[in-house]
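Secondary and tertiary structure notes
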Amino acid sequence: MSPIGLKKDASRSKASTRKVPAWTSLLGLVIFSLVLFWLHRVVGEYRWRDILGSMHAIPRPALVRAVLLAIAGYVTLTLYESLGVGFAGVKLPYRRTAIIAFMAYGIGHTFGTNTLSGGAIRYRTYSVLGLSVQQIATIIAFGTLTFGLGASILLGVSL
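For the structure given in this document, a descriptive report is provided here. (Residues numbered from 1 in each chain as written. Predicted model: local features only at pLDDT ≥ 70, side-chain atom pairs only at ≥ 80, totals over all residues. Heavy atoms only, no water.)

Some remarks on the overall build of the protein chain
Keep this limit in mind: Labels follow the DSSP assignment, with helices taken as runs of H or I lasting at least four residues and strands as runs of E lasting at least two, numbered in each case from the N terminus. Here the term buried applies to any residue with accessible area under 20% of the maximum for its type, exposed to any over 50%, and partly exposed to those in between, with areas from a 1.4 Å probe on protein chains only. To measure how exposed things are, a 1.4 Å probe is used in the Shrake-Rupley method; for residues, cover is taken only from the protein chains shown.
Counting secondary structure elements, the protein chain contains 6 helices and 0 strands. Within the protein chain, the proportion of its 159 residues that are buried is 21%. Counting only carbon and sulfur atoms, one obtains 70% of the accessible surface of the protein chain, whose full area is about 12200 Å².

Here it is as structure tokens:
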């Protein structure tokens, strides 16, 4: 059983699994090394003392509110996912859907290409659960649409 509680499909034969070309691993290592180098150059301009001083300058109630609002945001995103799964006609426990949503939205929003990178995570996890490509695409589209509508409403209200 995997860390998120998904059972691996034992019926898959070795013929149906694809081999990843060796050059893709090398490319991944090169890109990772470049990112580490870039981060070292960017972060090297800052000192731990300055960062900790800035963190301690934030009033504790404001920090607690920020953490609570971040948690509320991720809970809302798991609800988008749950609604999308239901809209796709799939019955999954909320706990499983929430874990998949947290991974997909967390990584997708970090890289800035939520539909692409988050969609890849959704495809990988939902296909293991037996969902069709159409159902997975429906979940991704539903999440993207609901997030876009919510952001548009907030933008309109704030203006």
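Observations concerning the pattern of salt bridges
Between side chains of opposite charge, a pair can form when the charged atoms approach closely. For clarity, the cut-off: Should a side-chain nitrogen of Lys or Arg be within 4 Å of a carboxyl oxygen of Asp or Glu, the pair is scored as a salt bridge.
What the rule picks out here adds up to 1 salt bridge. Across the salt bridge formed by Glu81 and Arg122, the nearest N and O atoms sit 2.9 Å from each other. Of this pair, Glu81 sits in helix α3 (residues 60-87) while Arg122 sits in helix α5 (residues 114-128), and the two are 41 residues apart along the sequence. An identical accessibility class is assigned to Glu81 and Arg122; each is buried.

Examining the packing of helix α4 (residues 94-111) against α5
We count it as follows: Axis geometry follows a simple rule: fit a line to the C-alpha atoms, using only the stretch in contact for helices, then measure angles between N-to-C directions, giving values from 0 to 180 degrees. Just so you know how the angles are binned, under 35 degrees is roughly parallel, over 145 roughly antiparallel, 65 to 115 roughly perpendicular, and the rest oblique. Working rule for handedness: look at the near helix, and if it is turned counterclockwise from the far one by less than a right angle, call the crossing left-handed; if clockwise, right-handed. By definition in these notes, contact holds between two residues if any of their heavy atoms fall within 4.5 Å.
Their axes nearest at 7 Å, the elements α4 and α5 cross at an angle of 150°. Considering their axes alone, α4 and α5 lie roughly antiparallel with respect to each other. Like other packed secondary-structure pairs, α4 and α5 cross with a definite hand, here right-handed. The residues of α5 that touch α4, namely those facing Thr97, Ile100, Met103, Ala104, Tyr105, Ile107, Gly108, His109 and Phe111, are Asn114, Ser117, Gly118, Ile121, Arg122, Thr125 and Tyr126.

Side note on the nonpolar core
Our working definition: By convention a nonpolar core is built from buried Ala, Val, Leu, Ile, Met, Phe, Trp, Tyr and Cys residues, the set being connected through side-chain atoms within 4.5 Å.
If you look at the biggest cluster of nonpolar residues, it comprises 9 residues: Val85, Ala88, Val90, Ile100, Tyr126, Leu131, Ile136, Ile139 and Ile140. The dominant element in this core, judged by the number of residues it contributes, is helix α6 (residues 133-158), at 3 residues. When near neighbours in sequence (up to four residues on either side) are disregarded, Leu131 contacts Val90, Tyr126, Ile136 and Ile139.

Digging into the environment of Ile99
Here Ile99 shows up in helix α4. Taking the C-alpha atoms as reference points, Ile99 and Glu81, 18 residues apart in sequence, are found 10.0 Å from one another.

Quick look at α3
Turn by turn, an α-helix covers 3.6 residues, leaving residues three or four places apart pointing in a common direction. What counts here: Residue count minus one, scaled by 1.5 Å, sets the expected span of a helix.
With 28 residues, α3 extends 41 Å between its outermost C-alpha atoms, agreeing within 8% with the 40 Å of an ideal straight helix rising 1.5 Å per residue. The complete set of buried residues in α3 reads Leu77, Thr78, Tyr80, Glu81, Gly84 and Val85. Buried residues along α3 sit in contact with α4, α5 and α6. Taken from the residues just after α3, Gly89 is the one with a positive phi, measuring 80°.

Some words on the packing of aromatic side chains
Selection criterion: Aromatic rings from Phe, Tyr and Trp, taking only the six-membered ring of Trp, are treated as a pair when their centres fall within 6.5 Å; an angle between ring planes under 30 degrees marks them as stacked, one over 60 as edge-to-face, and anything in between as tilted. Distance and angle both matter: a charge sits over a ring if NZ of Lys or CZ of Arg is within 6 Å of the ring centre and within 35 degrees of the ring normal.
Going through the model one piece at a time under the given rule, you end up with 2 aromatic pairs. The ring of Tyr105 has Arg122 lying over it, and the distance from NZ or CZ to the ring centre is 4.6 Å.

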